[in-house]
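Observations on the three-dimensional arrangement
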Amino acid sequence: MDEYMEQEQSNVREEHSRKRVRKGHKLRNAIIAGVVVVGVGVSGTLVYFNMDNKTPNFTVPAHQIVSSISDSTVFDEAIEIVNAEAIDELDSLGEIVELSERLHSLDLNKKIGNLAHYEMPSEFSVDDVNALIDQYQELAQQENVKNGVLSEEDREFTKLTLTLEAYERSVNGTLSNDAYQTLVNYGIPCVKSKVLDACGFAAGEISNMRIGAGNNSYLITFNDTETDKEYIIKAHDSNPFSSTGYVHDVIESIYDWQTKSANQTDTGTSYDGKRNDDIKKGINSLKTLTLMNCEIDKNGEIKVTSKMEEVREKVKTLTQDVPSNNE
């Protein structure tokens, strides 16, 4: 990470130590999660609102998303300036989380029982481990394996079980609290690029901005090097029924991720489903913001102009563009 990014993240932490914004956070999370909200109408009867503001669940990688919008944004250029590895690292993190979940679903410890564990490998390939899981699942269908009969198939299955359990520890060890920093490294330039796009500014001006917290709001400060004028852009905080405040939500998440990345309590090589789910939600929210368009209104607030329905349509198109393994 370069000196600029380190300074930027220090600024964000310092500002946030003075003010943490959590206004309506639980309600917004509920709406974004796609739940049904129940209210009381004027007549006193229950009214049901089925919200359609759910963040999409992406199967396409970030690098494909960024590439698909490169003609309409400076984000691809800006993130190269700030942290050239951030996009690949986000994709890698997503793959590791999915691998962790797939390994956990096998319940390998239960199958090993009292057998001696293999030594944990210091590194792994996601593709190679996934290929081993495929072999494992295929062998598991063999009659000799199902019955635990002495055979070449059952011996191979047992060896694969021990091997995968060792890899599982290695994979989970990679997903320490430090993994949240990967979300931060992508999130900060993503937010700033939305300001640049809204103004029609070049990617190089990303170094003129920093993110902070004000009174009941998140702020992006832009120091114009051409005029020495300082601009304060407020992140619009919409009600939970709208996606116009998505920039605000992502900034709030960035602060949360920074706090979690610095948390000394960790699970080591053990599975942490809550953290995995948290990271997956973070990746989806960053990909969603990447596909959104923004504007700075007459009040100096940056707000999202894209509806979540439009984002989902883009996701659908991108998913259809993913080549099959046979191509």
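Presented here is an overview of the structure given in this document. All values derive from a computational prediction rather than experimental measurement.

Quick look at helix α11 (residues 246-261) now. Taking 1.5 Å as the rise per residue, α11 with 16 residues should run 22 Å; its terminal C-alpha atoms sit 22 Å apart, in good agreement. Taking burial as the measure, the 16 residues of α11 include 12 buried ones, the bulk of the element. Of the positions making up α11, those classed as buried are Tyr-246, Val-247, His-248, Asp-249, Val-250, Ile-251, Glu-252, Ile-254, Tyr-255, Trp-257, Gln-258 and Ser-261.

On to the environment of Glu-123. Residue placement: Glu-123 occurs in the loop between α6 (108-112) and α7 (126-139). Judged by relative accessible area, Glu-123 falls into the exposed class, the value being 63%. Considering only alpha carbons, one finds Glu-123 and Ser-170, 47 residues apart in sequence, at a separation of 7.0 Å. Excluding its chain neighbours within four sequence positions, the residues that come into contact with Glu-123 are Tyr-167 and Ser-170.

Moving on: the layout of surface pockets. There is about 160 Å³ of room inside the second largest pocket. Of all the secondary-structure elements, those providing two or more residues to the lining of the second largest pocket are α6 and α9 (152-174). Within the lining of the second largest pocket, the residues separate by chemical class into 2 nonpolar, 5 polar and 4 charged.

Pairing is mixed in the open sheet, where 5 strands are placed in the order β3-β4-β5-β7-β6. Each edge of the sheet is formed by a strand with only one pairing partner; in this case those strands are β3 (209-214) and β6 (294-296). The average undirected angle you get between the axes of adjacent strands in this sheet is 30°. Here strand β5 (residues 230-235) runs beside strand β7 (residues 301-304); their pairing, made up of 2 bridges, is parallel. Paired with Ala-235 across the two strands is Ile-302, which belongs to β7. Against the sheet, helix α10 (residues 180-199) contacts β3, β4 (217-223), β5, β6 and β7, and its axis sits at roughly 105° relative to β3. Sheet strands in contact with α11 are β3, β4, β5, β6 and β7, and its direction is about 95° off that of β4.

Criteria and cut-off values
Residues numbered from 1 in each chain as written. Predicted model: local features only at pLDDT ≥ 70, side-chain atom pairs only at ≥ 80, totals over all residues. Heavy atoms only, no water. Helix = DSSP H or I, 4+ residues; strand = E, 2+ residues; numbered from the N terminus. Expected span 1.5 Å × (residues − 1). Buried < 20%, exposed > 50% of the residue type's maximum accessible area, 1.4 Å probe, protein only. Contact = heavy atoms within 4.5 Å. 1 Å grid on protein atoms, 1.4 Å probe; cavity = no way out; pocket = protein on both sides within 12 Å on 5 of 7 lines; lining within 4 Å. Points joined across faces, edges and corners; volume = space filled by probe spheres on them. Nonpolar A, V, L, I, M, F, W, Y, C, P; charged D, E, K, R; others polar. Pairing = 2+ DSSP bridges. Axes fitted to C-alpha atoms, helices over the stretch in contact; angles between N-to-C directions.

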